[in-house]
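# Per-entry structural report
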Amino acid sequence: MNRGPNIFDFLVENKIPYFVTDTTKSEEQNRDDIIAAIEAERVDFVFQYWAGLDGLLHMVGNKSPEVPAKLRVYEDWIEKVLAAAKKHYSEVHLYIFSDHGMANCDELVDLKAKIDALPVKMEKDYAVVYDSTMARFWFFNDNARKQIHESLGKVPEGRIMPDDELQRYRALFPDRKFGETIFLMREGVLIVPSHMGERPIRAMHGYHPTDPQSYATLCTNQPAIPDDVTHIPHICRIMEKTALLAKEKNSA
Ligand SMILES: [Zn+2]
């Protein structure tokens, strides 16, 4: 990570042997490597990341029959991993989670054309980064700020994120390194062209956290999810607690 510790620092610090996905290998190879590590009883913690579903959803959208078919494949793989773990370990805690939702994109907006048409100029008066779902602006003079804010105000497909709202979602940074002004699109609206791609794709994530299709998933084979786990970053707490449990079991 750019800054701050992550779960793998925690595992190293606590001397908990773990497996983590090698992103240079295929999903199938990673699945087989996990099962091998479990069968050899080499690890007490496994972090498996499958990126295939994200890629598929971007391409085909969230209503395609290909999506449940892919989930069936994952279900089968998870069952295989779980069966191996249950054979070699006395207790198995399984958590399955996603790190974002996915919204179908049915509307395209050429935000760049609207901003380019203004008399203020990129690089000289302002800087901009067009993501797929939001645009980030930095201003070098007040005239640029005023003109761009006015122009954005006439785009009904999105809105400028107010500071208090950014603050509430812990996305307000004092140095404004992610943009002095962040213009967020309504769910399902895609900025095209953007710096993320020239061509539209079927679905995207990165909309407002409370938009209906922004919700992520958390499933477990445990009786309950702790009450203090309500946001995606809290999954780290579950991982830390579960890893420590495995360590205690081993030293008992
Ligand atoms: Zn994605």
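Fair warning: this is a prediction, and the values are worked out from it, not measured in the lab.

This next bit is on the environment of Ser90. One can find Ser90 in the loop between helix H4 (66-88) and strand S3 (95-97). Judged by its relative accessible area of 71%, Ser90 is exposed.

In this section: the sheet that holds strand S6 (residues 126-130). Ordered by their spatial adjacency, 4 strands build an open sheet running S6-S7-S9-S8, and the pairing between neighbours is antiparallel. Here the strands that pair on one side only, and so sit at the sheet edges, are S6 and strand S8 (158-160). The mean inter-strand angle of the sheet, taken between neighbouring strand axes irrespective of direction, is 15 degrees. Relative to strand S9 (residues 181-185), strand S7 (residues 134-139) runs antiparallel, the two being bridged by 4 bridges. Of the residues in S9, the one forming a bridge with Ala135 is Phe183. Sitting on the sheet, helix H6 (residues 142-152) is in contact with S6, S7, S8 and S9, with an inclination near 160 degrees to S7.

In this model, the second largest pocket occupies a volume close to 260 Å³. In terms of lining residues, the second largest pocket is bounded by Met1, Asn2, Arg3, Arg170, Phe173, Lys177, Phe178 and Pro233. Residue classes in the lining of the second largest pocket are distributed as 4 nonpolar, 1 polar and 3 charged.

What follows deals with the coordination of the zinc ion. Listed as protein donors to the zinc ion are Asp54 (OD), Asp54 (OD), His58 (NE2) and His205 (NE2); their distances from the metal cover 2.1 to 2.4 Å. Classification of the site at the zinc ion rests on its 4 donor atoms, whose angles at the metal span 56 to 147 degrees, yielding the label irregular. In primary-sequence terms, the residues that donate to the zinc ion follow D-x3-H-x146-H. Note that His58 is positioned in helix H3 (residues 52-60) and His205 in the loop between strand S11 (203-204) and strand S12 (218-220), a separation of 147 residues in sequence. A relative accessible area of 25% places His205 in the partly exposed class.

Once that is clear, we can look at empty space enclosed by the protein. Taken as a whole and assessed by the stated rule, the structure comprises 1 cavity of 30 Å³ or more. Of the pockets and cavities examined, the largest cavity occupies roughly 50 Å³. As for the largest cavity, its lining consists of Leu166, Ala171, Leu172, Phe173, Arg176, Phe178, Gly179 and Ile182. The residue inventory of the lining of the largest cavity, partitioned by class, reads 6 nonpolar, 1 polar and 1 charged.

What follows is about the nonpolar core. Grouped together as the largest cluster of nonpolar side chains are 25 residues, with contacts concentrated most on Leu111, Ile115, Tyr126, Phe137, Ile148 and Phe183. Those residues in contact with Ile115 that lie beyond four places of it in its chain are Tyr126, Tyr130, Phe137, Ile148, Ser151 and Leu152. Ile38, Val43, Ala84 and Ala85 belong to the second-largest nonpolar core, a separate cluster that totals 11 residues.

Often, the extent of an interface is quoted as the loss of accessible area on bringing the components together. Considered domain by domain, the protein chain is made up of domain 1 (7-99 + 216-251) and domain 2 (107-204). Computed from C-alpha atoms alone, the centre-to-centre distance between domain 1 and domain 2 is 36 Å. Between domain 1 and domain 2 lies a buried interface of about 380 Å² when both sides are counted; carbon and sulfur atoms form 59% of it. In terms of surface lost to domain 2, no three residues of domain 1 exceed His58, Gly61 and Pro233, which account for 72% of the buried area on that side. Here the residues of the side of domain 1 that touches domain 2 sort into 4 nonpolar, 2 polar and no charged.

For the coordinates displayed, the defined rule picks out 16 salt bridges. Residue Arg145 pairs with Glu180 through a salt bridge whose shortest N-O separation is 3.1 Å. A residue pair is termed long-range when its members are at least 10 positions apart, and Arg145 in helix H6 and Glu180 in the loop between helix H7 (163-168) and S9 qualify at 35 residues. Classification of Glu180 as partly exposed rests on a relative accessible area of 25%. Asp228 is paired through a salt bridge with Arg237; the nearest N and O atoms lie 3.3 Å apart.

Reading guide: rules and limits
- Residues numbered from 1 in each chain as written.
- Predicted model: local features only at pLDDT ≥ 70, side-chain atom pairs only at ≥ 80, totals over all residues.
- Heavy atoms only, no water.
- Helix = DSSP H or I, 4+ residues; strand = E, 2+ residues; numbered from the N terminus.
- Buried < 20%, exposed > 50% of the residue type's maximum accessible area, 1.4 Å probe, protein only.
- Pairing = 2+ DSSP bridges.
- Axes fitted to C-alpha atoms, helices over the stretch in contact; angles between N-to-C directions.
- Contact = heavy atoms within 4.5 Å.
- 1 Å grid on protein atoms, 1.4 Å probe; cavity = no way out; pocket = protein on both sides within 12 Å on 5 of 7 lines; lining within 4 Å.
- Points joined across faces, edges and corners; volume = space filled by probe spheres on them.
- Nonpolar A, V, L, I, M, F, W, Y, C, P; charged D, E, K, R; others polar.
- Donors = N, O, S within 2.8 Å, 3.2 Å for Na, K, Ca; no water.
- Tetrahedral: all angles 85-135°; square planar, octahedral: opposite > 155°, others 65-115°.
- Core = buried A, V, L, I, M, F, W, Y, C linked by side-chain atoms within 4.5 Å.
- Domains from an automatic or database assignment.
- Buried area = accessible area lost by both parts, 1.4 Å probe.
- Salt bridge = Lys/Arg side-chain N within 4 Å of Asp/Glu carboxyl O.

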